[in-house]
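The primary structure of each chain is shown beneath.
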Amino acid sequence: MKEQIKKFLNEEQDPKAIEKITAKLNDILMKNEEVGYIAVQKKPALTVLPDSIVLTNKRIIICQPKNLGLSMHFIDYTWDEVDGAFVKENILGSEFTFATKTELQVTIDYIPKIQARKIYTYAKEQLDLLKNSNATAAIAMESVPEAEIVEEVATEEVTNFAEIMPAITTHEASFSNETEPAASHVGLNQEELFAKLQNYKKLLDNGLILQGEYDAFKREILSQM
């Protein structure tokens, strides 16, 4: 880690502050998380314990020394929580501010101007990467064809055949394509005839009568409607 942060010591960072931060970062960095930049406050008055801001490829970490430097308080925000970032340059240093999607604004002041520009640039790069990856994922989802929905038509089970089968006498041909269907529909109104036709269709769907038998019943009913 010490070899990795040497590049941060060339832009007015406090070496002691960097050393304290990197010692603590070893314990909190996640898998595949890499430090991109570290900026350290530089107030005009003597600051024994300056605050720092660490930018990694996964989050922003605010480092605040506590208890005379014996402990460190960390506050982190992942990049998908960050809505935007900007820098305000003043006479004495700059202010780096980022806003979260919950409308929270976090500002670190007295950042040396060159460091403020570096963290701003790094933050914009990470936000652009996140935006592009989300857009790519959205396009990929849109390109996936929707699964075809096949509607299943339930066949109603016939349980009482006596109610829907016409009365057939012994001298009539039963379910024959060559004979006419029994004349059991005389005197029925159109609603009753239609109900009879629907019942014959159920018998056909359930395989209880043949197509020819159904056609014969249908012709008889239609002739009386």
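Above this text you will find the structure in question.
If you're wondering where the values come from, they're calculated on a predicted model, not measured in any experiment. Residue positions are counted from 1 within each chain, in the order its sequence is given. Only residues with pLDDT of at least 70 are given local features in this predicted model, and only at 80 or more are side-chain atom pairs given and counted; all residues enter the totals for whole chains, interfaces and linings. Where side-chain values are given, they derive from all heavy atoms of the structure, hydrogens and water being excluded.

Peer 1: Hey, could you go over the sheet that holds strand β2 (residues 52–56) for me, with residue numbers and the actual values?
Peer 2: A sheet is described by the order of its strands in space; here 4 strands give the open sequence β1-β2-β3-β4, paired in antiparallel fashion. This sheet does not close on itself; its edge strands, each paired only once, are β1 (35–40) and β4 (71–78). Put simply, the sheet's adjacent strands are angled 20° from each other on average, direction ignored. Think of it this way: DSSP has to see at least two bridges between two strands before they count as a pair. Helix and strand assignments follow DSSP, with helices taken as H or I runs no shorter than four residues and strands as E runs no shorter than two, numbered in order from the N terminus. With 8 bridges joining them, strand β3 (residues 59–66) and β4 adopt antiparallel strand pairing. If you follow I61 over to β4, its bridge partner there is D76. Contacts are residue-level and defined by heavy atoms, with any inter-residue pair within 4.5 Å sufficient. Axis lines are fitted to C-alpha atoms, over the contacting stretch for helices. Their N-to-C directions set the angle, which ranges from 0 to 180 degrees. Seen against the sheet, helix α1 (residues 15–28) touches β1, β2, β3 and β4 and runs at an angle of roughly 140° to β1.

Peer 1: Break down the packing of aromatic side chains for me, with residues and values.
Peer 2: Each aromatic ring pair is summarised here by two numbers: the centre-to-centre distance and the angle between the ring planes. Pairing of aromatic rings covers Phe, Tyr and Trp, the last counted by its six-membered ring, and requires centre-to-centre distances within 6.5 Å; plane angles under 30 degrees mean stacked, over 60 mean edge-to-face, and any other angle means tilted. Within the structure shown, the criterion is met by 3 aromatic pairs. For the ring pair Y77 and F98, a centre distance of 5.2 Å and an interplane angle of 70° mean the geometry is edge-to-face. With Y77 in strand β4 and F98 in strand β6 (residues 94–100), this residue pair connects regions lying 21 residues apart in the sequence. Note on accessibility: Y77 and F98 belong to one class, buried. Ring geometry for Y200 and F217: centres 4.2 Å apart, planes at 5°, overall stacked. Of this pair, Y200 sits in helix α4 (residues 190–205) while F217 sits in helix α5 (residues 211–224), and the two are 17 residues apart along the sequence. Each member of the aromatic cluster is reached from another via a ring pair, and the members are Y77, F96 and F98. A simple rule labels every residue: compare its accessible area, found with a 1.4 Å probe on the protein chains alone, to the largest value its type can have, and call it buried under 20%, exposed over 50%, or partly exposed in between.

Peer 1: Give a detailed account of α4, specifying residues and quantitative values.
Peer 2: Take the residue count of a helix, subtract one, and multiply by 1.5 Å to get its expected span. With 16 residues, α4 should reach 22 Å at 1.5 Å per residue; the first-to-last C-alpha distance of 23 Å fits that figure. Of all the positions in α4, only L193, K196, L197, N199, Y200, L203 and L204 are classed as buried. Seen end-on, α4 carries its buried residues on one side only, within an arc spanning 160°. Taken from the residues just after α4, G207 is the one with a positive phi, measuring 75°. The directions from the helix axis to the C-beta atoms are what the arc is built from.

Peer 1: Talk me through the pairing of β3; I want residue IDs and the actual numbers.
Peer 2: For β3, a buried count of 7 out of 8 residues is recorded, marking the element as mostly surrounded by other parts of the structure. Pairing of β2 with β3 involves 4 bridges; the strand directions are antiparallel. What sits directly across from S52, in β3, is C63.

Peer 1: For the packing of α4 against α5, give the residues involved together with the corresponding values.
Peer 2: For the pair α4 and α5, interaxial distance at closest approach is 10 Å and the crossing angle is 175°. Here α4 lies roughly antiparallel to α5, going by the angle between them. Residues L193, K196, L197, Y200, K201 and L204 of α4 form the contact with α5, whose participating residues are Q211, Y214, F217, K218, I221 and Q224. The residue classification treats Ala, Val, Leu, Ile, Met, Phe, Trp, Tyr, Cys and Pro as nonpolar and Asp, Glu, Lys and Arg as charged. All others, Gly included, are polar. By residue class, the composition of the contact of α4 with α5 is 7 nonpolar, 2 polar and 3 charged. Our angle categories are set so that under 35 degrees counts as roughly parallel, over 145 as roughly antiparallel, 65 to 115 as roughly perpendicular, and the remainder as oblique.

Peer 1: Any chance you could break down the environment of P65 for me, citing the residues and the numbers?
Peer 2: Tracing the backbone through its elements, the reader meets P65 in strand β3. For P65, a relative accessible area of 17% puts it in the buried group. On a C-alpha basis, the gap between P65 and A17 in space is 9.2 Å, while along the polypeptide they are 48 residues apart. The residues touching P65, leaving out its near neighbours within four places in the chain, are L49, P50, D51, S71 and M72.

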